[in-house]
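So you can see what is in the structure, the chains are spelled out below.
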Amino acid sequence: MNIDKIRNLLEKYYEGSASNIETDILKQYFRDNNDIPEDLRVDAAIFRDMATMKEDVALPENLEQLIIDSTIGRNRRNIILWKVIPSVAASLALLTVLTISFISGHERILSSDEDAMVAQSEPVLVHKEEITAAPTPTEDCTLTASTPEPMVSKTATPEPAIAQAPAPKKSSTTRKASENNYIEVYDSIQAAKISSRILAKLESTISRVADKGIRKTEIAVAAIKDPVNAPQILDEISN
Amino acid sequence: MKQLEEIFRKRFLPVYPKLYSIALAILGSSTDLASDAVQETMVKIWSKGDELLSVNNPEALSIAILRTTAIDIMRRQRKYEQVDTITDIAPDSPPDHETATILERIIDTMPPAQKEILRLSIFEDLSAKEISEITGVSGTNVRQLLSRGRKKIKEIYSKL
């Protein structure tokens, strides 16, 4: 390479008018030659440092990945998200419903268990009168000769039927209901006793009433059959 | 979408190393800022969507977007001056970083426009015309900035 040509190219270079090809010739000259004229030593140092500076420019290792992540990757993520979100939402909804169903079912089971366990303490509403008084016997049939009526039974003034029935115990398991006519009995044994007593009294009362009714019916039938003697027959009833 | 991805991968993604060098030239050797500029540029390119399918010169488009992006970043950094402003080379001042070569330290002391043009010349081996196209500075001004910068470098090297 003619050194004068190099000097001319350097002049163009420092004027900013050298082409790429001319600049490349200068770079190659300073790179390949160790025997540099004294007046070109500074230029040689500059070109050498420019080459080093260029080599020092290293691309960040993760830059390409960052670019992909923020462009194509993001798009894919969005697509994936739009595909996944409805499925996740549906799954969550289903899970929520199942959970709620399970919890309420569990509560129901617990509640039944509790019912079974606390059956003894389940309050039984018992009318005071059912405990303290027996059902009243029906009003006696009144028969007249002209208008014989069938036996009519209606509730009248209560008559103590189970006078001996014990008053409900006032224990911790017994409390008064809002209405004074009823008492809540929590003790199932006590409630069963009361119930059986009530049934027994009802049975005996019905039996007594039935006997009386049968007897009166027989008299009434007799009076109807013998209208002439009917007054005497009816007197017999009143007696 | 697949076609767009393919176009982006094949025609635009390979440009990023050059964009990085240009970003470094514009932003003054800040690798973080240069990375941000390149990444932001690529996102802007990708957001053009189907327009990319009809782009004839991906590199030219990418460089144009990078330039505006880098300038925005520079403005955000409040370090940018008008590209067309031709200022004298800054007086000899201490270099910003000790590990840089003498050449880098000299360039770092120059005004941003001059620094950018010199860096584009060194890193990318661009001609005055190409630098003019990238920076938007007229060809004459590019040659003037290159000339003053190179002479200043030689002046400092001569004193070493």
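Asker: How do you make sense of the overall build of chain A when you look at a structure like this?
Answerer: A count of helices and strands for chain A gives seven helices and three strands. Each helix and strand of chain A, ordered N terminal to C terminal, gives the series α-α-α-α-β-α-β-β-α-α. Classification of the 239 residues of chain A by burial places 28% in the buried group. For chain A, the proportion of contacts with a sequence separation of at least 24, taken over those separated by at least 6, is 57%. Surface summary for chain A: the accessible area is close to 16,400 Å², and the carbon and sulfur share equals 57%.

Asker: Would you take a moment to explain the overall build of chain B for this structure?
Answerer: Tallying secondary structure elements over chain B gives eight helices and zero strands in all. Scanning chain B from its N terminus toward the C terminus, one meets helices and strands in the order α-α-α-α-α-α-α-α. Counted over contacts in chain B with a minimum sequence separation of 6, partners at least 24 positions apart contribute 66%. Within the structure as shown, chain B displays about 7,600 Å² of accessible surface, and the carbon and sulfur contribution to it stands at 47%.

Asker: Would you explain the interface of chain B and chain A in this entry?
Answerer: It is common to report an interface's size as the accessible area lost on association of the parts. Across the contact, 36 residues belong to chain B and 29 residues belong to chain A. Linking chain B with chain A are three salt bridges, by the criterion used here. Inspection of the region where chain B meets chain A yields eleven residue pairs in polar contact (both at pLDDT 80 or more). Element by element, the count of residues in the side of chain B that touches chain A is highest for helix 8 (residues 139–159) of chain B, at nine residues. Within the side of chain B that touches chain A, the residues separate by chemical class into 20 nonpolar, six polar and ten charged.

Asker: What should I look at first to understand the pattern of salt bridges in this one?
Answerer: When the charged atoms of two side chains with opposite charge come close together, those side chains can pair. Applying the stated rule across the entire model yields 15 salt bridges over all chains. Here Arg41(A) and Glu38(A) are joined by a salt bridge, their closest N and O atoms 3.3 Å apart. Looking at Arg41(A), the relative accessible area reads 45%, which means it is partly exposed. Taking the shortest distance from any N to any O, the salt bridge between Glu155(B) and Lys159(B) comes out at 3.5 Å. Here Glu155(B) pairs with Lys159(B), and both are found in helix 8, just four residues apart, close to one helical turn. Accessibility expressed as a relative area gives 59% for Lys159(B), which makes it exposed.

Asker: Would you mind going over the nonpolar core with me for this structure?
Answerer: The nonpolar side chains of a soluble globular protein tend to be buried with one another. Judged by nonpolar contacts, the single largest core of 70 residues is most densely connected at Leu10(A), Leu26(A), Phe30(A), Phe8(B), Leu27(B), Val38(B) and Ile153(B). Per element, the largest residue contribution to this core is nine residues, and it comes from helix 2 (residues 16–27) of chain B. Ignoring sequence-local partners within four residues, the contact set of Val38(B) consists of Leu63(A), Ile67(A), Tyr16(B), Leu19(B), Tyr20(B), Ala23(B) and Leu66(B). Within the second largest apolar cluster, five residues are counted, among which are Ile219(A), Ala230(A), Ile233(A) and Leu234(A).

Asker: Could you clarify how one ought to interpret helix 8 of chain B in this entry?
Answerer: Turn by turn, an α-helix covers 3.6 residues, leaving residues three or four places apart pointing in a common direction. The terminal C-alpha atoms of helix 8 of chain B lie 31 Å apart, and with 21 residues this matches the ideal 30 Å at 1.5 Å per residue to within 8%. All buried positions along helix 8 of chain B are accounted for by Asn141(B), Val142(B), Leu145(B), Leu146(B), Ser147(B), Gly149(B), Arg150(B), Lys152(B), Ile153(B), Ile156(B) and Tyr157(B). Here the buried face of helix 8 of chain B lies against helix 1 (3–15) and helix 3 (41–56) of chain A together with helix 5 (102–108), helix 6 (112–124) and helix 7 (128–135) of chain B.

Asker: How should the packing of helix 3 of chain A against helix 8 of chain B be read in this particular structure?
Answerer: The angle between the axes and the distance between the axes are what describe a pair of packed helices. Interhelical geometry of helix 3 of chain A versus helix 8 of chain B gives an angle of 115° and a closest axis separation of 9 Å. On the basis of the axis angle, helix 3 of chain A is roughly perpendicular to helix 8 of chain B. Both helix 3 of chain A and helix 8 of chain B take part in a crossing whose hand is right-handed. Facing Val42(A), Asp43(A), Ala45(A), Ile46(A) and Asp49(A) of helix 3 of chain A, the residues of helix 8 of chain B in contact are Ile153(B), Lys154(B), Tyr157(B) and Ser158(B). Here the contact of helix 3 of chain A with helix 8 of chain B is built from residues that sort into five nonpolar, one polar and three charged.

Asker: Teacher, can you tell me more about the confidence of the model for chain A here?
Answerer: One rule of thumb: low pLDDT means the predicted coordinates there are not for detailed reading. Residue and element names in this part refer to chain A. With 59% of its residues at a pLDDT of 70 or more, chain A shows a mean pLDDT of 71. Taken element by element, chain A is modelled with least confidence in strand 2 (residues 174–176), mean pLDDT 47, and with most confidence in helix 1, mean pLDDT 93. Note on residues 133–179: pLDDT is under 50 here. Beyond four places in sequence and across chains, it has 73 contacts.

Asker: Please clarify how the environment of Gly16(A) should be interpreted in this entry.
Answerer: Checked against the element boundaries, Gly16(A) lands in the loop between helix 1 and helix 2 (20–32). Every residue in contact with Gly16(A), bar those within four places of it in the chain, is listed here: Ala128(B), Arg143(B), Leu146(B), Ser147(B) and Arg150(B).

What counts, and at which threshold
- Residues numbered from 1 in each chain as written.
- Chains lettered and ligands numbered in written order.
- Predicted model: local features only at pLDDT ≥ 70, side-chain atom pairs only at ≥ 80, totals over all residues.
- Heavy atoms only, no water.
- Helix = DSSP H or I, 4+ residues; strand = E, 2+ residues; numbered from the N terminus.
- Buried < 20%, exposed > 50% of the residue type's maximum accessible area, 1.4 Å probe, protein only.
- Contact = heavy atoms within 4.5 Å.
- Areas by Shrake-Rupley, 256 points an atom, 1.4 Å probe, with all protein chains shown as cover.
- Salt bridge = Lys/Arg side-chain N within 4 Å of Asp/Glu carboxyl O.
- Polar contact = N/O pair within 3.5 Å; in protein donor to acceptor, adjacent residues only side chain to side chain.
- Nonpolar A, V, L, I, M, F, W, Y, C, P; charged D, E, K, R; others polar.
- Core = buried A, V, L, I, M, F, W, Y, C linked by side-chain atoms within 4.5 Å.
- Expected span 1.5 Å × (residues − 1).
- Axes fitted to C-alpha atoms, helices over the stretch in contact; angles between N-to-C directions.
- Parallel < 35°, antiparallel > 145°, perpendicular 65-115°, else oblique.
- Left-handed = near helix turned anticlockwise from the far one by under 90°.
- pLDDT = per-residue confidence, 0-100.

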